[in-house]
Amino acid sequence: MKNLSRLFFVLLLALSFNANAQDENNPWRISIGVNAVDLYPVGEDAPRGDFLDEYFNANDHWNILPSLSTVSVSRYINEGFSITAAGSLNEIDKFGDARANDLSYYALDGTVTYSFMKLIKSNKIDPVLGIGGGYTWVDDIGAGTLNGNVGLTYWFSENIGVTAQSTFKSAFEDYLEDHFQHSVSLSVRFGGKDTDSDGIYDKNDACPDVPGLEAFNGCPDSDNDGIEDSKDDCPNEAGLAEFNGCPDSDGDGVADNADDCPNEAGLAALNGCPDADNDGVADNADDCPNEAGPSANKGCPWPDADNDGVLDKDDKCPNEAGTVANNGCPEINPTAEVMEQLNSYARTILFNSGRASFKSETAPVLEAMTAIFKEYPEASFSIEGHTDSDGAKKSNQLLSERRANAVRDYLIANGIAADRLSASGFGEDYPIDSNKTRAGKANNRRVEVKLKK
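Residues numbered from 1 in each chain as written. Predicted model: local features only at pLDDT ≥ 70, side-chain atom pairs only at ≥ 80, totals over all residues. Heavy atoms only, no water.

Turning our attention to helix 5 (residues 393-413). Taking 1.5 Å of rise per residue, 21 residues should cover 30 Å, and helix 5 covers 30 Å from first to last C-alpha, within 8% of that figure. For helix 5, the complete set of buried residues consists of Asn396, Leu399, Ser400, Arg403, Ala404, Ala406, Val407, Arg408 and Leu411. Contacts made by the buried residues of helix 5 are with helix 4 (363-375), strand 10 (380-386), strand 11 (421-425) and strand 12 (446-452). Taken from the residues just after helix 5, Gly415 is the one with a positive phi, measuring 105°. (Helix = DSSP H or I, 4+ residues; strand = E, 2+ residues; numbered from the N terminus. Expected span 1.5 Å × (residues − 1). Buried < 20%, exposed > 50% of the residue type's maximum accessible area, 1.4 Å probe, protein only. Contact = heavy atoms within 4.5 Å.)

Shown next, in the form of C-alpha cells:
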C-alpha cells in the first residue's frame, strides 16, 4: 500500500506521545477502532452538496477499511478538558456517488475536547465536543485541516468503554476536499501511580504506603468492621461504629470496655446492667428487683395509701385522694388542663346565625361542659361571649351578651348553681384571629370560660 511508512509514523508518534508525556498523577485513555471517511464535498457551491447532505449515506459515501484503522491517545487536563493525539488510515474507493481508484488516506490529528459527563451527572454516558487540527493525505495530496468533532462514549466499567465520534475536517488548501471522518473505537482508561497497589491512585489515597479500601480513601480496615483503623479504638477486633470500632458482646448498646455487666444485656444509663422492674435501679443494687421503686428507697416503692399518686411521705391528705398540684389533697378549682378542655368545648358551641339560640348538634358539647362544672361544685366561672367584626359594633355587643347568657341559662337549667356563674359579652373588641378571612372570623365567634379566683 502506498505511503505505508506514513502509517508507521502516525502510530509511532501516538505511542511516543504516551510514553514521553505521561504524568503519573493524571489518567490516560487509549482508543483503537475503525474509521469511515466520506469525501463527498460539503458546504460548497453546486454541484457540491449542502453541509450535511448525504451525511448518513453509508452505503454510497462512506469508505470503510475492514480492519483496525484508527488509534488515539488522550490525556485528561482539568475540569472536563482533555487533549488527544490520533492517527488513522483508510482506502478511498467512493467519492460521493462516483467511484475512486483505491486512493490511500492517512491522517494525523490533535484535538482539545470537553466532556459533559459530570454536567449531566452520569458515570456511564460521556458526551464530548472537540476542536483541533491536523494533517490529512489523500494518496499523494496532503493539506492541513481545521477539525471539529462530536463524540459519545459509553463506559461499561470504570476503565472500558466504546466510543463513537464524528469529525468535520475543513482543509486549508482547495485541492483537498472538506470532508467527514467517523469512527467507532474501544476505549481504555488507565494511569496514575499506586504505590501500595490497592487500586487507588496516590493522589486520591490518604494512606498511599499502606493497602486500603476505596471507601476509606485508600486507608486500611484491619478487622473488616467497616471502620478505618485511624478511627477505630479497637483496630484488631471487629466492633461497631457507635463504639468507635469496639465490640458489644451482649448487644445492649454499651461497649464491653464500659459495661459493668458485659455478658448480660442491660441499659446504658446503668453501665450495661439490667433493670428488670424499670425503676432506674440496677438489679444488682435493687432490694426489690421485680417491683419498681426509687433509688432513695433502694429500688422499693414508697407507699401511697389513697392511690392518688402522691406518696404518703409527701401527702398532706394521705387518706383522701387528691392531686399532685394540691399536695395530695382534693382540688377545689379545676386545673389548667381541665380549663383548656372546658374551653375547647366552649369554642365549638354553635349558634343559629345572628341569634343566641343553639344549633341542635351543640347539645353533646353543652352536656360535656355541664359534667365538668359538676365535678368542681365550689368553683365559680364567668361565661364570655365574642363576635367577629361583621355588622354594627353595637349589634355585635348585644349579640355576644345574649349568647353568653344563653350558655349560662343552659348550665343553670341543668343543675349548676346560678351564684357560681356570671355572663359577659365583649362584642368584636377582643379578636383572636384576623377578621379578613372566613376562617379567622369563625375563630373570633366564640364563647370562653374563665375561672374566678
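Still more ground to cover, so stick around.
Our next topic: the sheet that holds strand 11. Judged by pairing direction, the sheet is mixed, and its three strands sit side by side in the order 11-10-12 without closing on themselves. Whereas interior strands pair on both sides, the edge strands pair on one side only; in this sheet they are strand 11 and strand 12. With strand direction ignored, the average angle separating the axes of adjacent strands in the sheet is 20°. The pairing of strand 10 with strand 12 spans seven bridges and is classified as antiparallel. Across the sheet, His386 pairs through a bridge with Arg446, a residue of strand 12. Sheet strands in contact with helix 5 are strand 10, strand 11 and strand 12, and its direction is about 165° off that of strand 11. (Pairing = 2+ DSSP bridges. Axes fitted to C-alpha atoms, helices over the stretch in contact; angles between N-to-C directions.)

Turning next to the nonpolar core. In terms of nonpolar packing, the biggest core is built from 25 residues, with Leu342, Ile349, Met369, Phe373, Phe381, Ile383 and Val449 touching the most fellow members. Element by element, the count of residues in this core is highest for helix 4, at five residues. (Core = buried A, V, L, I, M, F, W, Y, C linked by side-chain atoms within 4.5 Å.)

Okay, the packing of aromatic side chains next. The description of two aromatic rings rests on the distance between their centres and on the angle between their planes. A full pass over the atoms with the stated rule returns 11 aromatic pairs. With centroids separated by 4.7 Å and ring planes inclined at 90°, the aromatic side chains of Tyr55 and Phe56 adopt a geometry described as edge-to-face. Residue Tyr55 is classed as buried on the basis of its relative accessible area of 17%. When the ring of Tyr154 is compared with that of Phe156, the centres are 5.3 Å apart and the planes differ by 75°; the resulting orientation is edge-to-face. Judged by its relative accessible area of 38%, Tyr154 is partly exposed. Here the aromatic cluster, defined as three or more aromatic residues joined through ring pairs, consists of Tyr55, Phe56, Phe168 and Phe180. The ring of Trp302 has Lys313 lying over it, and the distance from NZ or CZ to the ring centre is 5.2 Å. (Phe/Tyr/Trp six-rings, centres within 6.5 Å; stacked < 30°, edge-to-face > 60°. Lys NZ or Arg CZ within 6 Å of the ring centre and 35° of its normal.)

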